[in-house]
Every structure is written in structure tokens, then in C-alpha cells.
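# Summary of the model geometry
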Amino acid sequence: MNWRINLQINILTKGPDSYNARAFLHPIIQHKLLLKEHGITYNFFYTISPKIADCDAVIIDSKFFKSWYQGRLDEMYSFLERLHTDVKIIFFDTTDSAGYVLGDVLPYIDKYLKHQILSDKSLYLTSLYGRRLFSDYYHQNFGVTDDSQHEESDPQVLNRADLNKIDVGWNTGLSNYSLFGEYLGKLYKKTNLSIFSRTPRRFISPDAIRQYDVQCRMNTNYDKASVAFQRQLISEDKLIGLQKNKINRYKYFKELSNTKVILSPFGLGEITLKDFEAFISGALLVKPSMKHMKTWPNFYIPNKTILEFDWDLKNLNEVIESSLCRDSNRIEIAREGQNTYHHYLKSLDGSIEFAKHFKQLLTFT
């Protein structure tokens, strides 16, 4: 397949200020030479410059405008409107949840990308409690409500035609979530040296002997009760050998590599750092059902790369107990999950797939 093009891209970002921002930047930096070989070059802009429109398309990290939502919205709209007259704009929303979109920017841009999106995009036209499908589920089925300060339920997209602009970028897994990944991210932020933007080097074999059955160390405190509810419900459950309390980073990763099943509930969004820590550690990843959302790459294939449980948690214990009773099946799924993750992080074929996906995102109809 001949997919070579010649495009110059400018990327407006605040830099690697957060996990999600690093996940947005990491694969672009990681594949710089491969993208160049196929005619795609880029420059980073950390401030607004008249030169930012000197390109074929501008990709904007949503975190760049995070502070502008406090009193500078009109200025943001005006900037986007002016820029849009000169160049194509791709707005990459690096917020966590598939259900949460910044619909106010849609009239000013050509494409709106997220790490993950709802499979049914028409839901963005509806009122989702907490601006998340799972928050809405717990509100509707368990009566969970947020306090008035944090309650949100207004439709996020007003024009149905704008739904066509919403698409999947790449998920937050394409970064470094190893023991030293956080420190390397901080060094990259401080030095801007791409040597510190690298992939994990060590993956633990899924068939390694493991002492612990289940691990689920997690934060359960969120501003929104509808977001916290799932984790709080799991924390109160009586699961076999569940490790829950927080420990230091070194002990945490040592424990991961010594655990058979890692339970990774939703947080602010469906995809969490623990998902990728589980793949690196060779443990079986168990998640709430992800069938409502789309992401790329798709690391979440039920009964192949992960196991899933229902949002009401009624089958959670059954899923975990069953996986612990069948070691060969647990190890097989954990291995497939790790191999899939390793493919996109470490293999040439995975890199080429990213480059093709990136090219597709730069195609405008």
C-alpha cells in the first residue's frame, strides 16, 4: 500500500505537563524518523506565534487552553476562528473520559480527537449525568448524585453535524508506565531531550510464579460522587486476597510483578495507568466492561487480552474466582494482552501501524 504523503504539521502544546500530555506527545516523538520517511514532518509550538499557521495542519493539545477556560474563553474562540481561516485544525482532547468532550470548540475546528470516544457518538447530543456514560449509569441505577458544585448533565454537542468531526486519536497507553517511566517523563519535561521519551525496557513473563491473587490499590476520592462510586463499591467488596492500601512506588511495581490478577476500575476515565502497568507486569487485567467505547490501539478485547465484569459488579467475584481457578487460561489471556501491548510499543510493525494511523488522522474530506 502506497500511503506516502508530504505534510508539515505544527503542534501547539504546553509540553509534557501531565500523564495524558506525555501520552499525546510520546508516540509522535518516538516515531519522528519513521513519520519523516513517509513525508510527515512537524514542529512543536509552546506559545502562540504568527508562524503557527505556516503548515498544512495544526494539532492543538487541549491542555494548552486549560487555563483559558477561567475567563479567557472569548479570546480562545477568537484565536481558533482566525487560525481556522488559514489552516486545518485538529483539536486533540487529552481529558480522560470517553463521554467528556469540549463541545464548544467544535464549530472552529476540522477534527476533534480523543484518546477514547463513545461508540455511539449520538450520546454526545444527550444529557449524560457527570458527562460520563458510567456516571450516568450509577446515577440512573444506584441513585448516586454529585453535589451542586460538581453536577453536570447538559448535552455537550449541540449540532449533530459536528459529530462527524469526533474521532479516535491514540490512547494513553503509548507512553512509558514502567517503574522509571514517571521519572523519565519528568526529565523530559525539564530537559526537552527526546532520549528521555522512550518505551519500557523490561516486561515480566506472564507465566512467572506469583504470590498474590488480586491487587487493586487505588484512590477512591473524587470530586464527583458519580465518578468515585464504582471504586468505592469495589473497595467495600470482600474479594479474595485483595491488596488495596497504597505503598511506595518500588514496592508497588514489585507487587505487580508478583500478582496474578490486577483489577483496574474506571477513574476519571475508563483507561487508567494501571491498565498498562498490568500489561508490563504480565498480570491478567480485569476491567469493567469497555464495550461502550472505542480507542486505538484496542488493547481491550474481552476474553482475549483482558477479562471484563458488569458495571453493577454482580459478576465481579465470579470473574476473578474463575480466572484464579484456571491458571492456563489466566496466563494465556495475560500473555495475549502483554504481546498486544508490546507490539505497539516495541515492534517495527507496531510503529508502522501508528504512522499509518497518524496519516489517516491527517486526511480531510
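I will try to describe carefully the structure that is included in this document. (Residues numbered from 1 in each chain as written. Predicted model: local features only at pLDDT ≥ 70, side-chain atom pairs only at ≥ 80, totals over all residues. Heavy atoms only, no water.)

Scanning the chain from N- to C-terminus turns up eleven helices and 13 strands. Seen through its C-alpha atoms, the chain measures out along the principal axes to roughly 60 × 45 × 40 Å. Out of the 365 residues belonging to the chain, those deemed buried represent 56%. Surface summary for the chain: the accessible area is close to 16,700 Å², and the carbon and sulfur share equals 48%. A gap of 7 Å separates the mean positions of the 47 positive and 42 negative side-chain charges of the chain. (Helix = DSSP H or I, 4+ residues; strand = E, 2+ residues; numbered from the N terminus. Buried < 20%, exposed > 50% of the residue type's maximum accessible area, 1.4 Å probe, protein only. Areas by Shrake-Rupley, 256 points an atom, 1.4 Å probe, with all protein chains shown as cover. Lys, Arg positive; Asp, Glu negative; His and termini not counted. Charge placed at Lys NZ, Arg CZ, Asp CG, Glu CD.)

Moving on: the packing of helix α4 (residues 133-142) against helix α6 (residues 225-236). When two helices pack together, their arrangement is given by the angle between the helix axes and the distance between those axes. Their axes nearest at 8 Å, the elements α4 and α6 cross at an angle of 80°. Relative to α6, the element α4 lies roughly perpendicular. Here α4 contributes F134, S135, Y138 and F142 to the contact with α6, which in turn contributes S226, V227, F229 and Q230. Its residues assigned to classes, the contact of α4 with α6 comprises five nonpolar, three polar and no charged. (Axes fitted to C-alpha atoms, helices over the stretch in contact; angles between N-to-C directions. Parallel < 35°, antiparallel > 145°, perpendicular 65-115°, else oblique. Contact = heavy atoms within 4.5 Å. Nonpolar A, V, L, I, M, F, W, Y, C, P; charged D, E, K, R; others polar.)

Quick look at the layout of surface pockets now. Over the atoms rolls a probe the size of a water molecule, and in doing so it shows where empty space is left. Of the volumes computed, that of the largest pocket is approximately 950 Å³. In terms of residue class, the lining of the largest pocket is built from eight nonpolar, twelve polar and ten charged. Counted as a void, the second largest pocket has a volume near 810 Å³. Forming the boundary of the second largest pocket are 29 residues, of which Y222, R231, T272, L273 and K274 lie nearest the centre. Elements represented by at least two residues in the lining of the second largest pocket include exactly α1 (19-30), α7 (249-256) and α8 (273-281). Taken together, the residues that form the lining of the second largest pocket break down as ten nonpolar, eleven polar and eight charged. (1 Å grid on protein atoms, 1.4 Å probe; cavity = no way out; pocket = protein on both sides within 12 Å on 5 of 7 lines; lining within 4 Å. Points joined across faces, edges and corners; volume = space filled by probe spheres on them.)

Everything listed here is a matter of coordinates, which is why it stays silent on function.
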